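Coordinate inspection notes
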Amino acid sequence: MTPAIATAPEIDPDRKLTFDRIVGHRTTVEFLTQSIKESRLPHAIALAGPDGVGKKTLAWALVREIVSGGEDSTSHRGSAKVARGTHPDILVCDNSGSPSGQIVIEQIREADDFTATSPLESPKKIIFISPAERMNPAAANCLLKLLEEPPRHVVIILTCVEPAALLPTIRSRCAVLRLEPVAPEDLEAWLLAESGEAQSRVSLAVRLAEGRPGRAMAIVRGKLLEQRGSILREISLLKTDGFAGIFGVADRLSQLDKDMASTLSILAVLLRDALAIRIGAGHALNEDLTDELAELAAGLSPEGMLRAATLATEAVGETPRYYTPQSRAHFLEVLVSRVGQELRGR
Amino acid sequence: MKATFSRQTLLSGIGLTQNIVSTSSTLPILSNLLFEADSSGVNLISTDLEGFAKVRLEATVAEAGRVTAPAKTLADIVRSLPDDEVALTTSGTRMTLTCNRNVFHLSTMTADDFPEWPKSESGVTITIEQSDLRRLLRNTLFAMPGRDPRKVLMGALVEVSADRLTIVATDGRKLGKASTEPTEFKGEGEKSVIIPGRVLTEIEKSLGDQGEVKLEISDQRAVFNLDNLKLTYLTSLIEGKFPQYQSVIPETFTRELQLPTALVDDAITRAAILAERKHHSIILSFGSGMIGVRAQSFEDGSYEGEVGIDYDGEPFKLAFNYNYLHDVFRVAPDATITMMVKESTAPVVFVCASDANSLYLVMPVRMHDLQGEEAEPAGVGAGDHA
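Model, not experiment: these values are computed from the prediction.

Each value, and the rule that gives it
- Residues numbered from 1 in each chain as written.
- Chains lettered and ligands numbered in written order.
- Predicted model: local features only at pLDDT ≥ 70, side-chain atom pairs only at ≥ 80, totals over all residues.
- Heavy atoms only, no water.
- Pairing = 2+ DSSP bridges.
- Helix = DSSP H or I, 4+ residues; strand = E, 2+ residues; numbered from the N terminus.
- Axes fitted to C-alpha atoms, helices over the stretch in contact; angles between N-to-C directions.
- Contact = heavy atoms within 4.5 Å.
- Buried < 20%, exposed > 50% of the residue type's maximum accessible area, 1.4 Å probe, protein only.
- Lys, Arg positive; Asp, Glu negative; His and termini not counted.
- Salt bridge = Lys/Arg side-chain N within 4 Å of Asp/Glu carboxyl O.
- Polar contact = N/O pair within 3.5 Å; in protein donor to acceptor, adjacent residues only side chain to side chain.
- pLDDT = per-residue confidence, 0-100.
- Domains from an automatic or database assignment.
- Buried area = accessible area lost by both parts, 1.4 Å probe.

Residue and element names in this part refer to chain A. As summarised here, the arrangement of the five strands in space is β2-β3-β4-β1-β5, forming an open sheet in which the pairing is parallel. A strand with exactly one partner marks an edge of an open sheet, and here the two such strands are β2 (90-94) and β5 (175-178). Neighbour-to-neighbour, the strand axes of this sheet turn through a mean angle of 15°, independent of strand direction. Pairing of strand β1 (residues 44-48) with strand β4 (residues 154-160), which is carried by five bridges, proceeds in the parallel orientation. Within the sheet, the bridge partner assigned to Ala46 lies in β4 and is Leu158. Its contacts with the sheet place helix α2 (residues 55-67) against β1, β2, β3 (125-130) and β4, and it is angled at close to 170° to β4. Contacts from helix α5 (residues 137-148) reach β1, β3 and β4, with the element oriented near 140° to β4.

Written out as structure tokens, the structure reads:
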């Protein structure tokens, strides 16, 4: 018997797109396209923006544009190799295989060695560092040396949520490009075409995603929309159960979706909606849940609800800092406890 | 693809290419060899991204094509086969090797993902004897560091002009320089490039006593053609500026001594056992008719030995890292090596009579860095004996 052997590498979804298919970020794409055209692309570029806004997708599209050397990146052979992860002039430093969740100095040293010789197939060698804020201090200092005397045949691309989390000396040596939220109409049109989901579901996901294509896709493809009822019930428990309920609620919330940020963003939006209904201000984003939201809001103080919603909103941005299961569990328990306190009135 | 080779042809082809592969997890295809079959034969290609190797194999090709398969597995398979014809066929993503009544099915990766052989560029071309290039590499590569943050030192400087090929390597503590005259030169002007040491080490292994090497150097690549083996190496160049090595080599010397290579090396081996740990240093004391070789480790003990030499000048002492001396004595081709000294803190130069175009240089350890040793005066001795 002969084994059937699958050998073609799978395409990373982040690498699928070229500049022409990026949703939103037109100014950034135009700036980068023009820079490549005029051979004045900065030697180090940091793409910054919240989770799910499209940093990695845009960064990979940029890589595909660079290796295409002015030719059409949608059909260029090198660009296709980037998508398949087999381009010889690209080196990726990420934290995917790292038990500590950090990018370590050995990876940056490897990148440094990688820059010693000229590129083989692309006009430039490209080092891709993501998420850059996960570099430990030794790795960051090692990168700094490379940034101080960058070889002319190298481009370094970093992605990070918040540039302030990078060493100031690294930040000052990079062209920092901030990615703004994508306009709802652009996001909706894109999500409708890409996801193939129903209009109502897409609209709801867009309203919950705060202009982030990645988040919108995760919501529309995941089960969280169906689970909003469960999240509401968990919040209701916090009204009554007090401390006794914290661990159970946190545990159940953590199991809803592997992307904690998505769960928390829905939690935040539900709290915001309940507040809106409580004070009679505007529409709830989750219109389909108006009755349940009104039930939750009954008897709660608007001030407490506002503080609870703010806590949940801030927590969404905090999630990237917690990358081990233990720290995430602990983070969620503390958050649930504080939200509960605010709802019950301290 | 369908091709038939003699086992010996396939085995030697794999042997010549399988060391220029990479086991990096980021690009798994780099641990593969690429077969490119055309109507008249098969090219076998490997790369570790820094260098490429390509060997042309004689084969009967029934169907042209390209495929890649893991180098190590291929080597293990072909080595294990009986001495007979080996048929290689591909079907979909599978490669089948058949020899006698043995059939191996192997996983492959698509040849489209294998790095492309870089395009040739114009530059200068020289032709030299393989044996000459081997001598140049042997006399220089020993001086290259195992690892160094200064990337330019991880390669050898190769300087080419119409009448000279010079290779230099150094780690900042020791240096090897060797040169030869090309048999042919094409192109204009001079070229000075840094070629990665890892590739040169592989090239050195393939060079024989017969045949010539054609070396093409352009701004970004160097290509070594070994026509008699139908073997080509291509390497990227290390970008950067190589240290100004000429300024390190003293122009005048105050002492010149003939040392029996093997006897001194043996004494150094013994001294190394109890060498001082921090600098790995041993002390050579040169006196009338002998060298004293001494090592003292404050933790472990000491050694003293003597080797007879032909010397009747003023006594003097030098301290060395024994590793550096070993490296030089290991590559020196002659039974006697000439040591040329300027002063105790200046680089010491070694040359061999049979090869006037090579020199080795070692930085001595400063005496006052060693515990219990008095600092030497700057000059090794009075008078000018050079």
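What follows deals with the side chain of B:Asp334. All names here are of chain B. Within the secondary structure, Asp334 sits in the loop between α6 (322-331) and β24 (336-341). Of the side chains with opposite charge, Arg138 comes closest to the buried, unpaired Asp334, at an N-O distance of 9.8 Å. Within the structure, the side chain of Asp334 is placed 3.1 Å from the backbone nitrogen of Ala353, a separation counted as a polar contact. For Asp334, the residues in contact, after removing those within four places along its chain, are Thr261, Cys352, Ala353 and Ser354.

What follows covers the confidence of the model for chain A. Interpretation of the predicted coordinates at a detailed level should be avoided for regions scoring low in pLDDT. Residues and elements named next belong to chain A. In this model, chain A carries an average pLDDT of 88, and 97% of its residues clear a pLDDT of 70 or more. For chain A, per-element mean pLDDT is lowest for helix α10 (residues 228-241), which scores 86, and highest for β4, which scores 96. Ignoring residues within four places in sequence, the model shows residues 1-9, a span with pLDDT below 50, making 14 contacts including any to other chains.

Attention now moves to the sheet that holds strand β1 (residues 2-6) of chain B. All names here are of chain B. The antiparallel open sheet is built from five strands, whose spatial order is β5-β1-β7-β8-β9. The open sheet terminates on both sides in strands that have one partner only, identified here as β5 (60-63) and β9 (102-107). Taking each pair of neighbouring strands and ignoring which way they run, the sheet shows an average axis angle of 20°. Sheet topology places strand β8 (residues 94-99) next to β9; six bridges connect them, and they run antiparallel. Directly across from Leu97, in β9, lies its bridge partner Phe104. Against the sheet, helix α2 (residues 71-80) engages β8 and β9, with an angle of about 175° to β9.

The subject of this paragraph is the domain arrangement of chain B. Residue and element names in this part refer to chain B. What the domain assignment lists for chain B is domain 1 (2-113), domain 2 (124-243) and domain 3 (255-385). Between the C-alpha centres of domain 2 and domain 3 there is a distance of 29 Å. Counting residues at the interface gives 14 residues for domain 2 and 13 residues for domain 3. In total, about 1,200 Å² of surface goes out of reach between domain 2 and domain 3, with carbon and sulfur atoms giving 49% of it. Summed over the three residues of domain 2 that lose the most area to domain 3, namely Phe142, Arg173 and Lys174, the buried surface amounts to 41% of that side. At the boundary of domain 2 and domain 3, one finds two salt bridges. Note that Asp327 and Lys174 form a salt bridge whose closest N and O atoms lie 3.6 Å from each other. For the pair domain 2 and domain 3, the number of links is ten residue pairs in polar contact (both at pLDDT 80 or more). Taken together, the elements giving at least two residues each to the side of domain 2 that touches domain 3 come down to α3 (130-141) and β13 (174-180). With six residues, the single largest contributor to the side of domain 2 that touches domain 3 is β13.

What the domain assignment lists for chain A is domain 1 (13-178) and domain 2 (222-343). Taking only C-alpha atoms, the centre of domain 1 of chain A and the centre of domain 2 of chain A are 36 Å apart.

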